[in-house]
Amino acid sequence: MIDPLYLFVFAGLFTPGPNVILLTASGARFGFRPTLPHVLGVAIGVGVTSALTAVGIGALLLAIPALKLALQVLAVAWILWMAWKLLRSRGAQADGRDRPFTFVEAVLFQWVNPKIWIVALAAASGYASGLPAHLEALRIASAFSGINLFVCLFWTFAGTLLAYLLTTPLAWRIFTTVMALALAASGMMVFLA
């Protein structure tokens, strides 16, 4: 019998959000291999964030509204900045100034990724197994990191395949505009949580 936590985490992480949008765009723009540090950073960062949520950071955010608001404002600012950069990009990698996220950037982004906080809070509160806090955090972190690694690899590969359809500057412009608008919309949903 499969742990319901795994199904919940898969559904929460596979659906489009900032990570899915950024990894799909990065796979299309830079290719699969150059995006791997971003993939690994997301998988590790999501695990750390969900573990901290399981041991009480999430409760702290809910208990201190000013801290939650500060995190929301930071998240929206960062996501809108990334959307702006994506919108202004030239599509396929055009010069050396544009590059995929590094491992560290991807790990740090999870701290302001609203979707990860929401899914982690829901998992920690709704799928707890009654283990001691440190083991519960390890259980949730391993579920998030393990499942998210495969989710990230899937979306990066999908972006890589999508690049074969993006053969004209107009196609790239449409793709980057749609991805940037989707990223901006996901950022604005922070205040709905």
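Residues numbered from 1 in each chain as written. Predicted model: local features only at pLDDT ≥ 70, side-chain atom pairs only at ≥ 80, totals over all residues. Heavy atoms only, no water.

Draft legend 1. Representation of empty space enclosed by the protein within the structure. Enumeration according to the criterion identifies one cavity of 30 Å³ or more in this entry. Counted as a void, the largest cavity has a volume near 60 Å³. For the largest cavity, the full set of lining residues is Leu-13, Thr-15, Gly-17, Asn-19, Val-20, Asn-113, Lys-115, Ile-116 and Asn-148. Looking at the lining of the largest cavity, the elements that each hand over two or more residues are helix H2 (18-30) and helix H7 (114-126). Grouping the constituent residues of the lining of the largest cavity by class yields three nonpolar, five polar and one charged. (1 Å grid on protein atoms, 1.4 Å probe; cavity = no way out; pocket = protein on both sides within 12 Å on 5 of 7 lines; lining within 4 Å. Points joined across faces, edges and corners; volume = space filled by probe spheres on them. Helix = DSSP H or I, 4+ residues; strand = E, 2+ residues; numbered from the N terminus. Nonpolar A, V, L, I, M, F, W, Y, C, P; charged D, E, K, R; others polar.)

Draft legend 2. Region of the structure containing the environment of Gly-45. Residue placement: Gly-45 occurs in helix H3 (residues 32-54). Judged by relative accessible area, which is 3%, Gly-45 ranks as buried. For the pair Gly-45 and Val-73, spaced 28 residues apart in the sequence, the C-alpha separation amounts to 20 Å. In this view, Gly-45 contacts Val-107 and Gln-110; residues no more than four positions away in its chain are not counted. (Buried < 20%, exposed > 50% of the residue type's maximum accessible area, 1.4 Å probe, protein only. Contact = heavy atoms within 4.5 Å.)

Draft legend 3. Quick look at the environment of Thr-102. As for its placement among the helices and strands, Thr-102 is situated in the loop between helix H5 (65-88) and helix H6 (103-109). According to the relative accessible area criterion, Thr-102 is partly exposed, its value standing at 32%. Taking the C-alpha atoms as reference points, Thr-102 and Phe-150, separated by 48 residues in sequence, lie 18 Å from one another. The contact partners of Thr-102, leaving out residues within four places of it in the chain, are Pro-37 and His-38.

Draft legend 4. Representation of helix H9 (residues 169-188). Counted at 1.5 Å a residue, the expected span for H9 with its 20 residues is 28 Å, and the 28 Å between its end C-alpha atoms agrees. Along H9, the residues classified as buried are Ala-171, Trp-172, Phe-175, Thr-176, Met-179, Ala-180, Leu-183, Ala-184, Ser-186 and Gly-187. Structurally, H9 contributes buried residues whose contacts are with H2, H5 and helix H8 (133-162). (Expected span 1.5 Å × (residues − 1).)

Draft legend 5. Main features of the environment of Thr-15. One can find Thr-15 in the loop between helix H1 (4-14) and H2. Taking C-alpha positions, Thr-15 is 28 Å from Pro-169, a pair spaced 154 residues apart along the chain. Beyond its immediate sequence surroundings of up to four residues, Thr-15 is in contact with Val-20 and Lys-115. Separated by 3.5 Å, the side chain of Thr-15 and the backbone oxygen of Gly-12 make a polar contact. (Polar contact = N/O pair within 3.5 Å; in protein donor to acceptor, adjacent residues only side chain to side chain.)

Draft legend 6. Examining the nonpolar core more closely. Grouped together as the largest cluster of nonpolar side chains are 41 residues, with contacts concentrated most on Met-82, Phe-109, Phe-144, Phe-175 and Leu-183. At the level of elements, H1, H2, H3, H5, H6, H7, H8 and H9 are the ones that each hand at least two residues to this core. With residues near it in sequence (within four places) discarded, Phe-175 still touches Thr-24, Ala-25, Ala-28, Leu-162 and Leu-166. (Core = buried A, V, L, I, M, F, W, Y, C linked by side-chain atoms within 4.5 Å.)

Draft legend 7. Quick peek at a nonpolar patch on the surface. A contiguous nonpolar patch, built from Leu-40, Ile-44, Val-48, Phe-103, Val-104, Leu-108 and Trp-111 and spanning about 600 Å² of accessible area, is present on the exposed surface. Of all the secondary structure elements, the ones that give two or more residues to the nonpolar patch are H3 and H6. Structurally, Ile-44 is set in helix H3. (Patch = residues over 30% accessible without salt bridge, like charges linked within 9 Å, V, L, I, M, F, W, Y side chains within 5 Å. Areas by Shrake-Rupley, 256 points an atom, 1.4 Å probe, with all protein chains shown as cover. Salt bridge = Lys/Arg side-chain N within 4 Å of Asp/Glu carboxyl O.)

Draft legend 8. Quick peek at the packing of H2 against H9. Look at H2 against H9: their axes get within 9 Å of each other, and the N-to-C directions meet at 160°. Taken as axis vectors, H2 and H9 run roughly antiparallel relative to one another. Between H2 and H9 the crossing geometry is left-handed. For the pair H2 and H9, the contacting residues are Pro-18, Ile-21, Leu-22, Thr-24, Ala-25, Ala-28 and Arg-29 in the first and Trp-172, Phe-175, Met-179, Ala-182, Leu-183 and Ser-186 in the second. Across the contact of H2 with H9, the residue classes break down as 10 nonpolar, two polar and one charged. (Axes fitted to C-alpha atoms, helices over the stretch in contact; angles between N-to-C directions. Parallel < 35°, antiparallel > 145°, perpendicular 65-115°, else oblique. Left-handed = near helix turned anticlockwise from the far one by under 90°.)

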